[in-house]
Amino acid sequence: MKVTDHIKQAKGKTLFSFEIVPPKKGKSIQELYDNIDPLMEFNPPFIDVTTSREEFIYVKKQELLERKITRMRPGTLGICAALKHKYNVDLVPHVLCGGFTKEETEYLLVDCQYLGIDNVMALRGDTMSHQKRFEPTNGGHTYATNLVSQIKDLNSGKYLHDVVEVDACSDFCIGVAGYPEKHLEAPSLQTDLKRLKEKVDAGADYVVTQMFFQNKKYFDFVDAARACGINVPIIPGIKPIAVDRHLQLLPQFFKIDLPEELISAVESCKDNKQVRQVGVEWAIHQSKELLSAGVPFLHYYSMGKSSNIKKIASEIF
Ligand code: FAD
């Protein structure tokens, strides 16, 4: 079922959802199940599964480090199939511009259709570590908007080569990313919102936000988006702080602000066990306020370990 239909069916009730990251290649899927199992009691209508593009790794060969390029976390679609089979829940695979040609994207979408997947999240993907700015893959898309258009085309039976006979069109519900504190490369929040509007005009059905730690940023973002004519659901993404290093890493990677109160609380912790508890309490506080504002979903970034998400969900749902 489509994410937007889950929202309609809920009739104003806030629902629980979360995002998982596929295991690194070579690792068993069991750890993922062990993390998902405790969250299923909160009835998530869907689970997002991230996609990672290729990356550089360094392999030691005769005392020398050799640089290789590989995808360390393949298997997004395999994970989707396994989770659908095990939990009978809707899965939302992330589809990227970076690292994929349009042709590969088409194959992926065809597989999604065969698997009965109704939703996909269309994303550009990040800049590779050795590049200064995002460089599109040869034969791939430059912006998420282009990817949304490809998915929309497929939904209307238009394949890349336009020569196939179609008797069952896909009907993907399309999610895209939104940034309450603007995307790190955008010159201003207003310009970034204009880009978000382009994604919605191209066919995106809903938005999931980047993490934020002050709800005001989300509320202001939703107001600004509505003022720009963006009228699709905007789902807040929440990440509980889990280790003290997050104080540096999150602002560095995502260019987001952390509130002073949260910083002081983390700094006064004796160890990461205490930090994890602070993160849980902060996310509960955020979730309660968002819930009373009537957001459609509370969507949590689990980053592989679910015990903190379970504590939060137990207080909220
Ligand atoms: P876009 O919407 O294409 O925007 C990228 C930048 O280009 C923005 O600054 C925008 O303002 C600008 N822009 C857009 N259109 C134009 C235009 N026509 N001309 C000029 N500038 C333009 N990354 C992964 O690798 N895998 C994942 O699974 C993943 N999941 C994510 C889930 C969520 C909810 C979020 C918020 C992010 C996720 N990301 C993921 C990270 C995402 O790929 C990065 O944030 C990426 O840098 C931008 O992706 P986007 O889809 O927002 O890009």
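**Quick look at the overall build of the chain**
Then step 1. Scanning the chain from terminus to terminus reveals eleven helices and ten strands.
Then step 2. On C-alpha atoms alone, the chain measures out to a radius of gyration of 20 Å, which is about the 20 Å that the 2.2 N^0.38 rule sets for 317 residues.
Then step 3. Across the chain, contacts joining residues at least 24 apart in sequence account for 76% of those joining residues at least 6 apart.
Then step 4. If you sum the accessible surface of the chain, you get close to 15,900 Å²; carbon and sulfur atoms cover 50% of it.

**Considering the pattern of salt bridges**
Then step 1. For the structure shown, the criterion picks out 14 salt bridges.
Then step 2. Here E185 makes a salt bridge to R124, at a shortest N to O gap of 2.8 Å. Of the two residues, E185 is situated in the loop between β7 (173–178) and α6 (189–202) and R124 in the loop between β6 (119–123) and α5 (144–155); the sequence distance between them amounts to 61 residues.
Then step 3. A salt bridge links K217 to D257; the nearest nitrogen and oxygen atoms lie 3.8 Å apart. On the criterion of sequence distance, the pair formed by K217 in helix α7 (residues 215–227) and D257 in the loop between α8 (246–254) and α9 (260–267) is long-range, its members being 40 residues apart.
Then step 4. D257 sits in the partly exposed class, given a relative accessible area of 46%.

**Some words on the site of the ligand**
Then step 1. Taken together, 24 residues surround the ligand, and among them T51, Y179, H183, D192 and K199 come closest.
Then step 2. One of the side-chain nitrogen or oxygen atoms of D126 is found 2.9 Å away from an oxygen atom of the ligand.
Then step 3. Taking A144, its main chain carries an N or O atom lying 2.8 Å from an oxygen atom of the ligand.
Then step 4. Surface burial for the ligand is 86%, taken as the share of its 990 Å² of free accessible area covered by protein chains.

**Section: the pairing of β7**
Then step 1. The buried fraction of β7 is high, at six of six residues.
Then step 2. Here four bridges tie β6 to β7, and the two strands are oriented parallel to one another. What sits directly across from V120, in β7, is I174.
Then step 3. For the crossover that starts at β6, traverses α5 and ends in the parallel β7, the hand is right-handed.
Then step 4. In this structure, β7 lies alongside strand β8 (residues 206–211), joined through four bridges in parallel fashion. Pairing of G175 across the sheet is with Y206, part of β8.

**A look at the packing of helix α4 (residues 102–114) against α5**
Then step 1. Relative orientation of the contacting elements α4 and α5 amounts to 50°, with a least axis distance of 11 Å. Viewed along their axes, α4 and α5 adopt a mutual orientation that is oblique. Along this stretch, α4 crosses α5, giving a crossing that reads as right-handed. Contact residues: K102, T105, E106 and L109 in α4; L147, Q150, I151 and L154 in α5.

**Regarding the pairing of strand β3 (residues 55–61)**
Then step 1. As paired elements, β3 and strand β4 (residues 64–70) share seven bridges and run antiparallel to each other. Residue K61 lies in a different strand from β4, and its bridge partner there is L64.

Criteria and thresholds
- Residues numbered from 1 in each chain as written.
- Predicted model: local features only at pLDDT ≥ 70, side-chain atom pairs only at ≥ 80, totals over all residues.
- Heavy atoms only, no water.
- Helix = DSSP H or I, 4+ residues; strand = E, 2+ residues; numbered from the N terminus.
- Rg over C-alpha atoms; globule rule 2.2 N^0.38 Å.
- Contact = heavy atoms within 4.5 Å.
- Areas by Shrake-Rupley, 256 points an atom, 1.4 Å probe, with all protein chains shown as cover.
- Salt bridge = Lys/Arg side-chain N within 4 Å of Asp/Glu carboxyl O.
- Buried < 20%, exposed > 50% of the residue type's maximum accessible area, 1.4 Å probe, protein only.
- Near = heavy atom within 4 Å.
- Polar contact = N/O pair within 3.5 Å; in protein donor to acceptor, adjacent residues only side chain to side chain.
- Pairing = 2+ DSSP bridges.
- Right-handed = clockwise from strand over helix to strand, strands pointing away.
- Axes fitted to C-alpha atoms, helices over the stretch in contact; angles between N-to-C directions.
- Parallel < 35°, antiparallel > 145°, perpendicular 65-115°, else oblique.
- Left-handed = near helix turned anticlockwise from the far one by under 90°.

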